[in-house]
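Structural overview
Each chain is listed here by its residues.
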Amino acid sequence: MHIGILTSGGDCPGLNAVIRGAVIKGTRIYDETFIGVRDGWRGLVEDDCIPLKRKRVRGLSGMGGTILGTSRTNPYEGEGGIERIREVMARAEMDSLIAIGGEGTLAAAERLSNEGIKVIGVPKTIDNDLSATDYTFGFDTAVSIATESIDRLRTTAEAHHRCMVVEVMGRHVGWIALHAGLASGAHAILIPEVSTSLEQICEWVEEARSRGRAPVVVVAEGFVLDGDEEVIAQHGLDAFGRPRLGGIAHRLTPMIEERTGIETRSTTLGHLQRGGSPTAYDRVLATRFGTAAIDAAAAKKWGTMVALKGIDIETVPLGEATSTLKTVPLARYEEAEILFG
Ligand code: F6P
């Protein structure tokens, strides 16, 4: 078989480990040939493909980013569409595809699969918001980076007796905020699933201050303050028509300062959370996803996605992968909330 591999959507530490796992097992065990599609669906629409030989994936498991490049191109827009993709796949002698991506990519993969393209999906997102898999690689790395950053912000906040508001990624869900906030002992964690009032946030800040602490507030980019109509997004839309988020920490900071009288600063961690080397956990999960995707292709389980269930890797229908978001359950939030203030 000639298998195309693409990485699409926002990048995520561990993408290269998936590519490496798939190519090594596919070459060694199933005698497959691989074709790298550059920049996600863009490469498939614009016929931009490269040979992906085993020696090209050497030493990749600890490397961040993706050797194939990525983009947020929608394969059904512009010059794209099923006929164009069939044409490019035929020209590149590609008979099937491994699509590594998040909700947007996997939804496109499902649509292509319904139209007859042989696709296996691999879930990827630092947000960890795909319900069909217990964890996605990249999440652990993002949480580790955010935790270390919050630990560092705390020492400077303590030196100046300030409050720090730290914005982390998390478009629809607050997993990164919850885990990094818990790990770093934040005094308030604000997530998209739970709308919280300014009054409550300031109460937690003042409570921490009353014990001599420098209050730390961790907020997910998708958090909506109680009383606000919608999420803060000032940077237009991405290719899938989703608002580019960011700015909630900057919005909250003067409000907290004004209400509590505590000098407050904000930091947005942004793409730092997606950069650099994956953690050992993410390298292992990503490598297992890569080798499992090749097993799925060899077994002709087209239209499925590999997923972590407990400690095992299984396959689930692509439709299941994109049907519901894995939000933070209220009980998990309440468990953390006991520690706020
Ligand atoms: O979907 C993952 C994610 O990291 C979100 O948390 C964030 O909103 C988005 O990607 C940022 O995307 P971009 O790289 O296009 O700015």
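Bear in mind that the values here come from a model prediction, so they are computed numbers and not experimental data.

1. Details of the overall build of the protein
Tallying secondary structure elements over the protein gives eleven helices and eleven strands in all. Going through the 341 residues of the protein one by one, you find that 54% of them count as buried. For the protein, the accessible area works out to roughly 13900 Å², and carbon and sulfur atoms hold 49% of it. Separation of charge centres in the protein, based on 37 positive and 46 negative side chains, amounts to 9 Å.

2. Brief notes about the packing of helix H1 (residues 15–30) against helix H9 (residues 280–298)
Contact pair H1 / H9: the axes reach a minimum separation of 7 Å and the direction vectors enclose 40°. Considered as vectors, H1 and H9 are oriented oblique to each other. Classified by chirality, the crossing of H9 by H1 is right-handed. The residues of H9 that touch H1, namely those facing Ala-17, Val-18, Arg-20, Gly-21, Ala-22, Lys-25, Gly-26 and Tyr-30, are Arg-283, Ala-286, Thr-287, Gly-290, Thr-291, Ile-294, Asp-295 and Ala-298. For the contact of H1 with H9, the per-class residue count stands at seven nonpolar, five polar and four charged.

3. Some points on the nonpolar core
Formed by 80 residues in total, the largest nonpolar core has its most connected members in Ile-5, Ile-98, Ile-100, Val-122, Phe-137, Leu-252 and Ile-256. For this core, the leading source of residues is H9, giving eight residues. In this view, Ile-100 contacts Ile-5, Leu-6, Thr-7, Ser-8, Leu-15, Val-18, Ile-19, Thr-105, Val-122, Lys-124 and Phe-137; residues no more than four positions away in its chain are not counted. Grouped together as the second largest cluster of nonpolar side chains are 27 residues, Ile-85, Ala-99, Ala-132 and Met-305 included.

4. Focus: the sheet that holds strand E7 (residues 188–190)
The parallel open sheet is built from four strands, whose spatial order is E7-E8-E6-E9. One side of each edge strand has no neighbouring strand; the edge strands of this open sheet are E7 and strand E9 (264–268). Taking each pair of neighbouring strands and ignoring which way they run, the sheet shows an average axis angle of 15°. Examined bridge by bridge, strand E6 (residues 163–168) and E9 share five bridges and lie parallel to one another. Its bridge partner lying in E9, Glu-167 is registered against Thr-268. Contacts between helix H8 (residues 248–260) and the sheet are confined to E6, E7, strand E8 (216–220) and E9, with E9 contributing the most and set at about 175° to the helix.

5. Some words on the domain arrangement of the protein
With domains assigned, the protein is organised as domain 1 (2–137 + 278–323) and domain 2 (139–275). Computed from C-alpha coordinates alone, the two centres of domain 1 and domain 2 are separated by 32 Å. Facing 21 residues of domain 1, the contacting portion of domain 2 comprises 20 residues. Counting the surface lost from both domain 1 and domain 2, the interface buries some 1700 Å², and carbon and sulfur atoms represent 55% of this. Together, Arg-72, Ile-126 and Asp-127 form the three largest contributors to the area buried by domain 1 at its contact with domain 2, with a combined 37%. At the junction of domain 1 with domain 2, the criterion picks out two salt bridges. Two residues, Asp-11 and Arg-274, come together in a salt bridge whose shortest N-O distance is 3.0 Å. Our enumeration of links across domain 1 and domain 2 arrives at nine residue pairs in polar contact (both at pLDDT 80 or more). Put simply, the parts of the chain that give the side of domain 1 that touches domain 2 at least two residues each are helix H4 (103–114) and H9. Class assignment of the residues belonging to the side of domain 1 that touches domain 2 gives a composition of six nonpolar, eight polar and seven charged.

Rules and cut-offs
Residues numbered from 1 in each chain as written. Predicted model: local features only at pLDDT ≥ 70, side-chain atom pairs only at ≥ 80, totals over all residues. Heavy atoms only, no water. Helix = DSSP H or I, 4+ residues; strand = E, 2+ residues; numbered from the N terminus. Buried < 20%, exposed > 50% of the residue type's maximum accessible area, 1.4 Å probe, protein only. Areas by Shrake-Rupley, 256 points an atom, 1.4 Å probe, with all protein chains shown as cover. Lys, Arg positive; Asp, Glu negative; His and termini not counted. Charge placed at Lys NZ, Arg CZ, Asp CG, Glu CD. Axes fitted to C-alpha atoms, helices over the stretch in contact; angles between N-to-C directions. Parallel < 35°, antiparallel > 145°, perpendicular 65-115°, else oblique. Left-handed = near helix turned anticlockwise from the far one by under 90°. Contact = heavy atoms within 4.5 Å. Nonpolar A, V, L, I, M, F, W, Y, C, P; charged D, E, K, R; others polar. Core = buried A, V, L, I, M, F, W, Y, C linked by side-chain atoms within 4.5 Å. Pairing = 2+ DSSP bridges. Domains from an automatic or database assignment. Buried area = accessible area lost by both parts, 1.4 Å probe. Salt bridge = Lys/Arg side-chain N within 4 Å of Asp/Glu carboxyl O. Polar contact = N/O pair within 3.5 Å; in protein donor to acceptor, adjacent residues only side chain to side chain.

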